[in-house]
Each structure stands twice: as C-alpha cells, then as structure tokens.
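Remarks on the overall topology
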Amino acid sequence: MSGLPSPAGSFSPPGLPPLRGVLSTRGVDLAAAARDFGNRVRLRPVAVLRPAVAQDVAAIVRFGRDNGLAVVPRGAACSVDGQAQASDGIVVDLSSLAGVGAPAPGFVRVEGGARWGAVLEATLPRGRVPFVVPDHLGLSVGGTLSVGGIGGTSHRYGSVADNVLELEVVTAEGDLLTCSPERRPELFDAVRGSLGRYGIITGATLALTGAKTSARVYRLAYRECAALLADQRRLVREGRFAHVEGHARHGGSSGWTFVLEAMQPFDAPHAPDDAALLDGLAHHRVQEAETVSYRDFLGRVAPLEARLRALGSWQHHPHPRCNVLLPGREAEGFVARTLAALAEEDIGPGGSVLLYPVPTARLAAPNVPKARDALSVVFGLQRTAPADRPELLDRMVRDNLLLRAAARRAGGADYAYAATHCRAPGVPELSGPTPPPR
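Residues numbered from 1 in each chain as written. Predicted model: local features only at pLDDT ≥ 70, side-chain atom pairs only at ≥ 80, totals over all residues. Heavy atoms only, no water.

1. Notes on the pattern of salt bridges
A side chain of one charge can pair with a side chain of the opposite charge when the charged atoms of the two come close. Here is the rule we go by: One side-chain nitrogen of Lys or Arg within 4 Å of one carboxyl oxygen of Asp or Glu is enough to make a salt bridge. Buried residues are those whose accessible area, probed at 1.4 Å on protein chains only, stays under 20% of the maximum for their type, while exposed residues exceed 50% and partly exposed ones sit between those limits. Each helix is a run of H or I in the DSSP string that is no shorter than four residues. Each strand is a run of E no shorter than two, and both are numbered from the N terminus.
Evaluated as defined, the whole model comprises 25 salt bridges. Among the ionic pairs, Asp189 bridges to Arg192, the shortest N-O distance being 2.6 Å. Given the relative accessible area of 6%, Arg192 is considered buried. Measuring nitrogen to oxygen at the nearest pair gives 2.7 Å for the salt bridge that ties Asp373 to Arg329. Here the residue Asp373 occupies a position in the loop between strand 15 (352–359) and strand 16 (375–382), and Arg329 occupies one in helix 12 (residues 328–340), the gap between them amounting to 44 residues. On the accessibility criterion, Asp373 (23% relative accessible area) is partly exposed. Several salt bridges share partner residues, and in doing so they unite Asp135, Arg219, Glu245, Glu261, Glu288, Glu290 and Arg300 into one network.

Structural data, given as structure tokens:
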C-alpha cells in the first residue's frame, strides 16, 4: 500500500474509509498496542482503531484486506504471547465498544469490548447472572468468547461460549453479520473458541440465570494432588456445588500444597448444610469456610490484582502463563510429574496453579478446545517472571512449550493459545492475529 503515518500521527493512505471512531497513529497509542499482559512480546502496529460503532470495525477489516494489512482485535489485552498485537498492521481496540444493555429475565445484550465486571453490575441488581463467569472480571466478553471461557461453574454449564445465544461478528470479508444456532450457524460455530481466526466479535447476547444473594465458600486443604483431583471428580459427578476449582501453591521447603475451592449460593436465611456438603471428602482440614455476598465471591480476584498492581508486578513483570486441557485419565500423573519438576521460582511471585475439572460433553461449542476423554481438566500455570531474571523467563517459556507438546501427546489440548485446534470449513479466515512466537 502507499502512504505512511506522518510524524504528526496522521494516517490517510488512499482508500481509507470514513470512520465515526478514531484511527490513531500517536506514538503512545502504538506503544500501548504493542504490549499485552504477558509483557514479553512487542509487535508495533501502524495504527490503532477505537471504533465508535461496529460498522467502523467492518470498514477497517475491508480496508486491511484490500491493502494487505493484518487487522487484529484487542479486548482487555490479557493475552500473554502477542496474540492481540499486529506487527505493521492495525489493532482494533474494542474497549470503545463496551456497552451493556438493560438485562431481560433470560438474556443481556452487550458489546464485544464490555468487561465482565460491567456485565455483573447490570445483571446482579436484577437478580440475574451469566451461567459461566470467568475468574478475572477485567476480561472482555468478546475476548472470553474467542477462547471459550472456562470458570468454576463450567462443570455444570460448559464454557462461556456454550451459553451465548447470538453474536454480532465482523467476518474476514468485512461483513457485519448476526449469527446464532439458527441463523448462520456455521459462522456462529466458527468464531466461538477460535481466537479471532474467523471473525471479530463486536456484540453478544448472553444467556442469564437466577442469582442468589449470598455465597457459602469452602476452601479445603489437601496434602496430595491425587486426593484433590479425586474429590473434584466426585463433586462434579454428584453436582453438590455450583462452583468447583482447585489450586496448588509451592510452600518452599514444605513442597506443594493443594486447595479445593467450592461454593454454594443461597438466599438468607436458607444457609447450606456444611456437614452434608463436605461429607465423605478426603481433605485433611477445612482451611476456610465463610459466607460472603455473591457479588464479592464473583469479584474475589480483584483484591489480589490490586495488591499486585500496588507492587507494579501486574503491569510490568512478564507473565509467561500456560494453560492446557488434560484428559481426566492422565491428569493425576501428568500434574504430579509436572509439579515435581518445578521449583518455587518456576511459578514466580504471585503465581499459582489452577485445576478445573469439566465433563468434556459440556464443552459443546465445536471450536472450544477439549481433551480426548470424558473429563477435561484445565491445568494452568499462572507464572510471573521477575523483571531482572531474563534467563528465568526464557526457561519458563521453553518449559511452557514442552508442557503444551506433552499435553497434546497425552490427548489434551492447548487453551487460550494458538488456534491450531479449530477448523471451520467454508468460513474465510482473517488476516490476523499474528501467531504467537515459538
């Protein structure tokens, strides 16, 4: 194409369509778009679009297609390997499309850049909540749908992508289309869980269910990973709790410790029966049992984020995180072998290990990754590398690649990484996003 950004930051090559939003080439905007939460990859675009309407996104996709420019969507920029960056391309910053409509009893319409915290602020006062909510409420809805979206209620309801009724999508041709299970189902299936490969999600209609006012939260301590996983499988099978997840943390000389977090919502005064809910489980002690508001439970990651932001770690340290889906039959041995080889510094300050069990049949959206087993276990290494330890960062990155390869050999899959798992015959691909470096 002809025409380059001028020092003043204007960007007006021939054929640039009229836009209601802002197409910026300011240095500060390009630098921001060349970073993500991973703080490791830097891919500088030539321009950043802040759309005012979804039609702006469609127009810039057509422009990029006609001029050989990659066009990459960016939601909350929580990717860790440059997936939402575009070297010499155009980044579409969807944070300007963040509207949340008035909730109806069974659904709420939102724009693709809306954050989950904003969705809950709209739905909870109406006594409604999405069926699946991610742990981190700062994620965008469109970004979550593009990876699938797994949370503590996924063992009951599947991924976020399994609980969306309708999508507004900008296709690779630059068409702005509405799709659903009944209307353009091939596009609806293609864009869910495919990391932006087949279109940019600019709007979504999320299914809602009833929300309780309070949450009874149990954190149960385990000495062995095998006991934790066995109890998780039991709870998933029996359906005792609305929310089930697990954590592992390195305790220095004491090695790894394991915690099962389970939650049951309720409306006062009908509190859950602790003894009945915990009956027969193999934990060695109840680390914590507390009642909090349902809203506070859903926002439970916010205090941790605030602490890490106060230290500067959240914004500035590299986060070479790795999430895979393991087949249930292999999970115990795979997790045990992996953790045995990790020292405390291999997770890093503020880091943790996540374990989510999900019946694979619940992950119904075709392109959402899943393991080849009746049970898919999310195994996530939430690593943080100190800024002054480049050799440690390199080791973490190498280990992540080996871990992903081992998971695939075991019958598992990558999660929220390169979209190599998805196929959508007949649906054209976008010219981005840029594949993560290997």
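2. Here's the deal with the environment of Leu235
Rules: Should any heavy atoms of two residues lie within 4.5 Å, those residues are counted as being in contact.
Mapping Leu235 onto the fold places it in helix 7 (residues 225–238). Residue Leu235 is classed as buried on the basis of its relative accessible area of 0%. Once the C-alpha coordinates of Leu235 and Pro357 are considered, the two residues, 122 residues apart in sequence, prove to be 9.6 Å apart. If we ignore the near neighbours within four places in the chain, the residues touching Leu235 are Arg240, Phe241, Val244, Leu260 and Leu281.

3. What about the sheet that holds strand 1 (residues 22–24)?
Using the following cut-off: Two strands pair if DSSP finds at least two bridges between them. Geometry is summarised by axes, namely lines fitted to C-alpha atoms with helices restricted to the contacting stretch, and by angles between N-to-C directions that run from 0 to 180 degrees.
Here we have four strands laid out as an open sheet, ordered 1-2-4-3, and mixed in their pairing. Two strands lie at the open edges of the sheet, namely strand 1 and strand 3 (71–74), each paired on one side alone. Taking each pair of neighbouring strands and ignoring which way they run, the sheet shows an average axis angle of 25 degrees. Sheet topology places strand 2 (residues 47–50) next to strand 4 (residues 90–93); three bridges connect them, and they run parallel.

4. Brief notes about the pairing of strand 15
Most of strand 15 sits out of view: seven of its eight residues are buried. Judged from the three bridges that link them, strand 11 (residues 243–250) and strand 15 form a sheet pairing that is antiparallel. Bridged to Ala248 within strand 15 is Val353.

5. Regarding the sheet that holds strand 10 (residues 214–222)
The eight strands lie next to each other as 13-10-12-11-15-16-14-17, forming an open sheet whose pairing is antiparallel. The outermost strands of the open sheet, each flanked by one partner alone, are strand 13 (285–293) and strand 17 (413–414). In the sheet, strand 10 pairs with strand 12 (residues 256–266) via nine bridges, with the strands oriented antiparallel. Its bridge partner being in strand 12, Ala215 is matched across the sheet by Pro265. Across the sheet, helix 13 (residues 390–409) is in contact with strand 14 (322–327), strand 16 and strand 17; its angle to strand 14 comes to roughly 20 degrees.

6. Quick word on helix 13
Keep this limit in mind: Here the expected span of a helix is defined as 1.5 Å times the quantity of residues minus one.
For helix 13, spanning 20 residues, the distance from its first C-alpha to its last is 29 Å, which sits close to the expected 28 Å at 1.5 Å a residue. Every buried residue belonging to helix 13 is among Leu392, Leu393, Met396, Val397, Asn400, Leu403, Arg404, Ala405 and Ala407, and all of these are buried. Structurally, helix 13 contributes buried residues whose contacts are with strand 14, helix 12, strand 16 and strand 17. Of the residues one or two after helix 13, Gly411 is the one with positive phi, at around 100 degrees.

7. Here's the deal with the state of the cysteines
Condition: Here, the term disulfide refers to a pair of cysteine sulfur atoms separated by no more than 2.5 Å.
Enumeration according to the criterion identifies zero disulfides in this entry. The thiol of Cys78 is unpaired, and the distance to the nearest cysteine sulfur, on Cys322, comes to 17 Å. Assessed through its relative accessible area of 28%, Cys78 is described here as partly exposed.

8. Observations regarding the environment of Pro349
Following the sequence through the fold, Pro349 ends up in the loop between helix 12 and strand 15. Using a relative accessible area of 46% as the deciding quantity, one classes Pro349 as partly exposed. Apart from residues lying up to four places away in sequence, Pro349 is in contact with Thr384 and Pro386.

9. Digging into the nonpolar core
Quick note on the threshold: Definition used in this section: a nonpolar core is a set of buried Ala, Val, Leu, Ile, Met, Phe, Trp, Tyr and Cys residues joined via side-chain atoms within 4.5 Å.
In this structure, Val141, Leu145, Leu167 and Leu206 are the most contacted members of the largest nonpolar core, which totals 38 residues. Listed in part, the 34 residues of the second largest apolar core include Phe241, Leu260, Ala331 and Leu342.

10. Here we look at the side chain of Gln264
Our working rule: Polar contacts here mean pairs of N or O atoms no more than 3.5 Å apart (in protein, one a potential hydrogen donor and the other a potential acceptor; neighbouring residues in sequence count only if both atoms are side-chain atoms).
Turning to its location among the elements, Gln264 is positioned in strand 12. Of the polar contacts made by the side chain of Gln264, one reaches the backbone nitrogen of Ala242; its length is 3.0 Å. Residues in contact with Gln264, not counting those within four places in the same chain, are Arg156, Ser214, Ala215, Arg216, Arg240, Phe241, Ala242, Pro272 and Leu277.

11. Notes on the confidence of the model for the protein chain
Low pLDDT marks stretches whose predicted atomic positions should not be read closely. We count it as follows: Each residue gets a pLDDT score, which is the predictor's confidence in that residue and runs from 0 to 100.
Model confidence for the protein chain is summarised by a mean pLDDT of 92, while 94% of its residues fall at 70 or above. Contacts from residues 1–9, a stretch scored under 50 in pLDDT, to residues over four places away or in other chains number 14 contacts.

12. Describing the pairing of strand 4
On strand 4, burial covers both faces: Ile90 and Val92 on one face and Val91 and Asp93 on the other are all buried. As defined by bridge partners, strand 3 adjoins strand 4 across four bridges and the pair is classed as parallel. When the bridges of strand 4 are listed, Val71 appears paired with Ile90.

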